[in-house]
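# Residue-level structural notes
So the chains spell out like this:
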Amino acid sequence: PEQDLAGVSKTMIATGEDHYENYCSVCHGLGARSAGAVPDLRRMAEGTHAIFDKIVLEGLYASNGMASFADVFSPEDTAAIHAYIRARAEEDRKVAAGEQETARISWIE
């Protein structure tokens, strides 16, 4: 689905990308593209987006192997990571829909 990125800066996305690649990519894949062993975060349902902090900070899915990262991330960090995941999803959606030829690979400059 189309991702709402209104009010999200490139700086925030780049910060989220940095955090994602350092902590999340080990399990969820480089560039937010899962190889299939764990959920592809670009395909989160809106309900999952709504509880993103509960998953990442509070360990809502700890029993499924997704531990809390409250000792590593602040709510501002998870907001940036979430923005990055949405931005990656939107880039890939646009390519799949034929709205652009290639997806942006990185926001880090």
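Fair warning: this is a prediction, and the values are worked out from it, not measured in the lab.

## Brief notes about the environment of Asp-71
As for its placement among the helices and strands, Asp-71 is situated in the loop between α3 (52-56) and α4 (75-96). Its relative accessible area of 69% is what places Asp-71 among the exposed residues.

## Quick word on α4
With 22 residues, α4 extends 31 Å between its outermost C-alpha atoms, agreeing within 8% with the 32 Å of an ideal straight helix rising 1.5 Å per residue. Counting buried positions over the 22 residues of α4 gives 16, a clear majority of the element. Looking one or two places after α4, you find Gly-98, whose phi comes out positive at around 80°.

## So, the packing of helix α1 (residues 10-28) against α4
Each pair of packed helices can be described by the angle between their axes along with the distance between the axes. Two elements in contact, α1 and α4, have axes separated by 7 Å at closest approach and are oriented at 95°. Relative to α4, α1 is oriented roughly perpendicular. Listed contacts from α4 to Met-12, Ile-13, Thr-15, Gly-16, Glu-17, His-19, Tyr-20, Glu-21 and Cys-24 of α1 are Asp-77, Ala-79, Ala-80, Ile-81, Ala-83, Tyr-84, Ile-85 and Ala-87. By residue class, the composition of the contact of α1 with α4 is eleven nonpolar, three polar and three charged.

## A short note on the confidence of the model for the chain
Note: predicted coordinates in regions of low pLDDT should not be interpreted at a detailed level. Here the chain shows a mean pLDDT of 95. Residues at 70 or above account for 100%. Ranking the elements of the chain by mean pLDDT puts helix α2 (residues 46-50) last, at 95, and α3 first, at 98.

Quick notes on the rules
Residues numbered from 1 in each chain as written. Predicted model: local features only at pLDDT ≥ 70, side-chain atom pairs only at ≥ 80, totals over all residues. Heavy atoms only, no water. Helix = DSSP H or I, 4+ residues; strand = E, 2+ residues; numbered from the N terminus. Buried < 20%, exposed > 50% of the residue type's maximum accessible area, 1.4 Å probe, protein only. Expected span 1.5 Å × (residues − 1). Axes fitted to C-alpha atoms, helices over the stretch in contact; angles between N-to-C directions. Parallel < 35°, antiparallel > 145°, perpendicular 65-115°, else oblique. Contact = heavy atoms within 4.5 Å. Nonpolar A, V, L, I, M, F, W, Y, C, P; charged D, E, K, R; others polar. pLDDT = per-residue confidence, 0-100.

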